[in-house]
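The primary structure of each chain is shown beneath.
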Amino acid sequence: MHSLSRRILPWLDQRCGAGALEEFLRRKTVPIHRHSLWYYFGGMTLFLFVVQVLTGILLLLYYQPTPEDAFESVQYIVTQVRFGWLIRSVHSWSANLLVFTAFVHMFSVYFLKAYRKPRELTWISGMLLFFVVLGFGFSGYLLPWNTLAFFATKVGTEMAGAVPFVGKWFLIFLRGGEEVTGATLTRFFGFHVAVLPGLATVLLAMHLLLVQHLGMSLPPSLERAIAEGRQPARSMPFFPNFLLRDIMGWYAALGVLGALAAVFPWELGTKADPFAAAPAGIRPEWYFLFMFQTLKLLPAKVFFLEGEFAGLLGFSLAAAVWVAVPFLDYRAGFGRVTRFFTGLGVFALGFILVMSALALR
Amino acid sequence: MEIRNPSPAGNSRPGRRWVNLLLGTGVVASIASFIYPAIRYMLPPVVGEPLSRSVVAAKVGELRRNSGKVFKFGSKPALLVRTADDEFRAFSAVCTHLNCTVQYREDLRQIWCACHNGLYDLTGRNISGPPPRPLENFQVHIQGEDVVVRRGA
């Protein structure tokens, strides 16, 4: 085994410079400190994304994206196809865990100020990836063509229609017409299996290259302590030490996914009927709950604006501030922690948690 | 940021400037001609909706007093309500807030949207929750056994 790798590596090195990769892996280290735990969430999100790609490809073998057949084909997958229930449930559960780990990753990066100079582009590519993940969630939710998904899509796309000037076109572009119909399903399927995977691949490559190029970020307080010689800089090699820990986490995640899928199989619900009333107790996926609850609480008029538009405007502004935070909080680049931005993060997290809890009441 | 021009003398010649302008305009115009069809392609053609002005929403005996029914009116859902006072009323069932389909709540004797808890009274007026506008009203006629719903003139 050893002699084989000793022969293969030079062969590859002469042809594609694989030695550089080996050299890189040997040099890459991961800092050790009391916040090191948070370093695992990016890798965990990546792992769950790979699970999504693989189970998604398996689902494509049987899924049929038409309003007549979509619901029945998913029903066929979970009842007839051997282990279809497992594949479909793992895909749904993994999607939800992925959104969760992405949230954790994002907030940990935020609170540890890892977005600060020179990692602005890493933050922005990460935020774009986050939006792509939400897009995956929103488009994938419709594909089984069940009642909940049908109305969630109606509401979600209607919100897009509230954008000034281009809203109407945007709504028609998303729905493939004025209403949510089979045309919408066809489009969402295309977004889910072609457009978003393409975008995600490019953004992910950028994100990972930037992370490798810049190395792991240290929390500002620790960076200062090390610079002033108050604390030694401790680290472990990425390969194999950190990677093996990563893999242990991924292995555990696979176990958790299998257990969740087996014990709590993902429900399919009832087939969508475009001419039935929205059922009571309807609500979107948990990661959209805070927006859902906000929309529910907003009155018809906020000052001179329509409630839904005011909500959309508020969320858009908040998202813009969030994406631009490395530039707004540029002082963090000089190692200065601004309380305001920490407070903003606490407020955002608190708002999301409280609104989601209210929606679940 | 400083932009260095590799050949300052070359660009100042009027002939070269014209060539650059023409080339630039040509390239931009050609790119626009590639993008325009793609954008038009993305927006589906408007389907001439068969202008259904009236539809048989239900049979008279089908609905109890104090109950409602969602029916198909053209390409959109509509709501027929038989009130407790034995009156038929019809509305668009599309919530004016975010496009969900409303329903008649027998316990409240009002029209309710399950998505964001919007309420309308039995004239279609938005009375509580987020809906910004009333529901569109339709005319109801009884023709023999049929409850016929018509779009207002």
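Right above here is the structure, for reference.
Structure report, in brief. Please read these numbers as outputs of a predicted model, since none were measured by experiment.

Criteria and cut-off values
- Residues numbered from 1 in each chain as written.
- Chains lettered and ligands numbered in written order.
- Predicted model: local features only at pLDDT ≥ 70, side-chain atom pairs only at ≥ 80, totals over all residues.
- Helix = DSSP H or I, 4+ residues; strand = E, 2+ residues; numbered from the N terminus.
- Buried ≥ 20, exposed ≤ 12 C-beta atoms within 10 Å, placed from the backbone.
- Contact = placed C-beta atoms within 7 Å.
- Core = buried A, V, L, I, M, F, W, Y, C linked by C-beta atoms within 7 Å.

In terms of regular secondary structure, chain B is built from 2 helices and 10 strands. For chain B, the sequential pattern of α-helices and β-strands runs α-α-β-β-β-β-β-β-β-β-β-β. Scored against the burial criterion, the 153 residues of chain B give a buried share of 28%. Long-range pairs, those at least 24 residues apart, make up 36% of the contacts in chain B with a sequence separation of at least 6.

Right, let's talk about the interface of chain A and chain B for a bit. Each partner contributes to the interface: chain A provides 28 residues, whereas chain B provides 24 residues. Only helix H7 (147-160), helix H8 (167-175), helix H12 (289-297) and helix H13 (307-323) of chain A provide two or more residues apiece to the side of chain A that touches chain B. The leading source of residues in the side of chain A that touches chain B is H7(A), at 5 residues.

Let us look at the nonpolar core. Formed by 85 residues in total, the largest nonpolar core has its most connected members in Trp145(A), Leu79(B), Cys100(B), Val102(B) and Cys115(B). Cys115(B) has contacts with Phe151(A), Val155(A), Ala278(A), Ile282(A), Cys95(B), Leu98(B) and Cys100(B), leaving out every residue within four places of it along the chain. Among the nonpolar cores identified, the runner-up in size contains 6 residues, and Phe288(A), Phe290(A), Met291(A) and Phe292(A) belong to it.

On to unusual backbone geometry, then. All names here are of chain A. With an omega of 5 degrees, the peptide bond running from Lys-117 to Pro-118 counts as cis. Within the fold, Pro-118 resides in the loop between helix H5 (84-111) and helix H6 (120-142). Note that the residue after Phe-239, namely Pro-240, is joined by a cis bond; omega there is 5 degrees. Here Pro-240 is to be found in helix H11 (residues 238-263). With a phi angle near 65 degrees, Phe-83 is a residue other than glycine that sits in the positive phi range.

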